[in-house]
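So the chains spell out like this:
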Amino acid sequence: MTKFIIKTSPCLTGKVSIGGCKNAILPILAASLLTSECCKIYSVPALSDVIALCSILEDIGIDVAFDEKKECILVQAKNIVTLKTDYQKASKMRASFLIMGALLSRCHEAIIPLPGGCPIGSRPVDLHLKGFAALGAQAEQSHGFIHIFAKELQGNKIYLDFPSVGATENIMIAATLAKGTTTIVNAAAEPEIIDLACFLKKMGAMISGEGSNTITITGVEKLYGAEYTVMPDRIEAGTFMIAAAITKGDVIVEKVREKDIKPILAKLSEANVKTQKLDENAFRIYTKEKLQPISLKTMPFPGFPTDMQAPFMSLLSTIKGMSVITETVFENRFIHAAELQRMGAKINIESRSAMIEGVDKLTGTQVKASDLRGGAGLILSALAAEGKTEISDIYHIERGYYHIEQKLKKIGADIEIKP
Ligand code: EPZ
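Note that this is a predicted model, so its numbers are computed, not measured.

Caption draft 1: Structural context of the site of the ligand. For the ligand, the set of nearby residues contains 21 residues, the closest of which are R94, D126, S164, D307 and V329. One of the side-chain nitrogen or oxygen atoms of K22 is found 3.1 Å away from an oxygen atom of the ligand. The backbone of P124 places a nitrogen or oxygen atom 3.4 Å from an oxygen atom of the ligand. For the shell around the ligand, the secondary-structure elements that each account for two or more residues are α1 (22–31), α5 (126–134), α6 (165–175) and α12 (372–384). A per-element tally of the shell around the ligand places α5 first, with three residues. Class assignment of the residues belonging to the shell around the ligand gives a composition of nine nonpolar, five polar and seven charged.

Here it is, written out as structure tokens:
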């Protein structure tokens, strides 16, 4: 199994460019099923989650051409040959559940495996199904699959008990071809929702309110092919900003969008990390004085993003003093703490809160990535730790970071990938 071998790195310096956003690409790929015309999507890194979703789309009959060098995907859902997605593939990647909204809207039927839980939580889909039911669909569960069907989809007002990103995306996709108007109340307001809405509007959908907690979709007769450039990945950007801070480096992070990373910049500044805006799309991250412990609570956007919780925990475990992290979005998103503790971090977990007492030095050892962002956090800790760290199960990390080892090496990190 491939591993990352990381040794204590010098202060990282130089420039790093951020790639296209995994959590925008996946719903946009699912939404391309809504038309029989060709869609062209740019700024798509060959992440393993993207490749996995492309394979699922091809299984249902979609033509997919992925030019990995040009980071461009051509997708055309001319003939859909089956309404059932493959269990083995779909159960490995929760985002495949987003195909349900598109197939339901285009074909009025879908048979999709219930996405399994994952290390960070049970990951239910009740809010997705509640939304589809409000649009007039019926769902039956058998043998681990959800079979959903509707004679026609009728717009409705849907209240989400939690501003679920996936449920908002799935319902928005399904409502684009429904009869009448759909309003999603308590919708998610993440930047990725805005990106999906922009893509759908380029296809001819009628959507307003995206980026707020009330989104209105007016159904249209037909949707068309579109070309779209995906937003930069705000979580990749935040991860590299922490790489600069934890090594006391001086790094320019470019191809970001300031409005997406405001919560991350705010918390970095609170910890006394310097975040100098060079322009709308580039920030210089460096440290001058002692970093400060902080308290941090993950919340739906515009709150602090849960996907940055693990990377931030790595930084806080090296800052003298007591920091507190409260994880309000997922019920089990501290699993990476155990591996950090093996590197000498002093972390005490009480239900949804982690008390972190910063230590002078973490020490390198053999650790295992537990999930995507937890694995990224281990890389960050290893950069600053004394000695050598071996990270196994790095397939978790490769789901959401494209060639992270190459990007880190370019700014001075001592990191190798060992087959
Ligand atoms: C998306 O997951 C992201 N994944 C996650 O990123 C991200 O952490 C999450 O949104 C929150 O921002 C993709 O976009 C592919 P949710 P999603 O539905 O849509 C509960 C990463 O590391 N819930 O907003 O699955 C759920 O249990 C990944 O890139 C229900 O109760 O997240 C959780 O507690 C990890 N019922 C909370 O809502 C439902 O029907 C947030 O989940 C749906 C969700």
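Having put the structure on the table, let's press on.
Caption draft 2: Looking closely at the packing of α5 against α6. Two numbers describe how α5 lies on α6: the axes approach to 8 Å, and their chain directions differ by 25 degrees. The angle between α5 and α6 falls in the class roughly parallel. Remark: the crossing between α5 and α6 carries right-handed chirality. Along its contact with α5, which presents L127, H128, G131 and F132, the element α6 presents G166, A167, N170, I171 and A174. Class assignment for the residues of the contact of α5 with α6 results in five nonpolar, four polar and no charged.

Caption draft 3: Just the sheet that holds strand β16 (residues 282–286), in detail. Taken together, the four strands give an open sheet; going across it, the order is β2-β14-β16-β15, and neighbouring strands pair in mixed fashion. Each having just a single partner strand, β2 (13–17) and β15 (274–279) make up the two edges of the open sheet. In this sheet, adjacent strand axes meet at a mean angle of 20 degrees when their direction is disregarded. Note that β15 and β16 share five bridges and pair antiparallel. Paired with K277 across the bridge in β16 is F283. Across the sheet, helix α8 (residues 234–246) lies against β2, β14 (250–254) and β16, angled at about 170 degrees from β14, the strand it touches most. Along the sheet, helix α9 (residues 258–270) makes contact with β15 and β16, crossing β15 at roughly 155 degrees.

Caption draft 4: Region of the structure containing the layout of surface pockets. The space that makes up the second largest pocket amounts to roughly 380 Å³. Of the residues that constitute the lining of the second largest pocket, the class distribution is seven nonpolar, five polar and seven charged.

Caption draft 5: Representation of the packing of aromatic side chains in the model. According to the stated counting rule, one finds two aromatic pairs in the structure shown. Here the aromatic rings of F199 and Y228 are separated by 6.0 Å at their centres, their planes lie at 65 degrees, and the arrangement is edge-to-face. On the criterion of sequence distance, the pair formed by F199 in helix α7 (residues 191–202) and Y228 in strand β13 (residues 227–229) is long-range, its members being 29 residues apart. Neither F199 nor Y228 differs from the other in exposure class; each is buried. Summarising the aromatic geometry, the rings of F304 and F312 are spaced 5.4 Å apart at their centres and angled 85 degrees between planes, so their arrangement reads as edge-to-face. Take F304 and F312: they sit in the same class, and that class is buried. Of note, K84 hangs over the ring of F145, and the distance from its end group to the ring centre comes to 4.5 Å. It is R284 that lies over the ring of Y286; its NZ or CZ is 3.8 Å from the centre.

Caption draft 6: View of helix α10 (residues 309–316). Where burial is concerned, most of α10 is hidden: eight out of the eight residues are buried. Inspection of α10 places Q309, A310, P311, F312, M313, S314, L315 and L316 among the buried residues, and these make up the whole buried set.

Caption draft 7: Just the nonpolar core, in detail. Counting residues in hydrophobic clusters, the biggest one holds 75 residues, and the most contacted among them are L29, M172 and L200. If you tally residues by element for this core, the top one is α1, at seven residues. The next biggest cluster of nonpolar side chains, apart from the first, holds 66 residues, and it includes A237, I261, I294 and A413.

Caption draft 8: Layout of the sheet that holds strand β23 (residues 414–418). Strand order across the open sheet formed by four strands is β21-β22-β1-β23, with mixed pairing between neighbours. Lying at the two open borders of the sheet, with one neighbouring strand each, are β21 (366–368) and β23. On average, adjacent strands in this sheet sit at an angle of 20 degrees to one another, irrespective of strand direction. With three bridges connecting them, β21 and strand β22 (residues 388–392) associate as parallel partners. Opposite Q366, over in β22, you have E390 as the bridge partner. Sitting on the sheet, α12 touches β1 (3–7), β21, β22 and β23, and the angle it makes with β1 is about 30 degrees.

Caption draft 9: Unusual backbone geometry, seen in detail. Cis geometry marks the peptide bond from F301 to P302; its omega dihedral reads 10 degrees. Within the element layout of this structure, P302 appears in the loop between β17 (295–298) and α10. Positive phi, close to 75 degrees, is recorded for N272, a residue that is not glycine. Position of N272 relative to the elements: it lies in the loop between α9 and β15. For N272, a relative accessible area of 17% gives the class buried. If you check the backbone angles, D393 has positive phi at about 55 degrees while not being a glycine.

What counts, and where the lines are drawn
- Residues numbered from 1 in each chain as written.
- Predicted model: local features only at pLDDT ≥ 70, side-chain atom pairs only at ≥ 80, totals over all residues.
- Heavy atoms only, no water.
- Near = heavy atom within 4 Å.
- Polar contact = N/O pair within 3.5 Å; in protein donor to acceptor, adjacent residues only side chain to side chain.
- Helix = DSSP H or I, 4+ residues; strand = E, 2+ residues; numbered from the N terminus.
- Nonpolar A, V, L, I, M, F, W, Y, C, P; charged D, E, K, R; others polar.
- Axes fitted to C-alpha atoms, helices over the stretch in contact; angles between N-to-C directions.
- Parallel < 35°, antiparallel > 145°, perpendicular 65-115°, else oblique.
- Left-handed = near helix turned anticlockwise from the far one by under 90°.
- Contact = heavy atoms within 4.5 Å.
- Pairing = 2+ DSSP bridges.
- 1 Å grid on protein atoms, 1.4 Å probe; cavity = no way out; pocket = protein on both sides within 12 Å on 5 of 7 lines; lining within 4 Å.
- Points joined across faces, edges and corners; volume = space filled by probe spheres on them.
- Phe/Tyr/Trp six-rings, centres within 6.5 Å; stacked < 30°, edge-to-face > 60°.
- Buried < 20%, exposed > 50% of the residue type's maximum accessible area, 1.4 Å probe, protein only.
- Lys NZ or Arg CZ within 6 Å of the ring centre and 35° of its normal.
- Core = buried A, V, L, I, M, F, W, Y, C linked by side-chain atoms within 4.5 Å.

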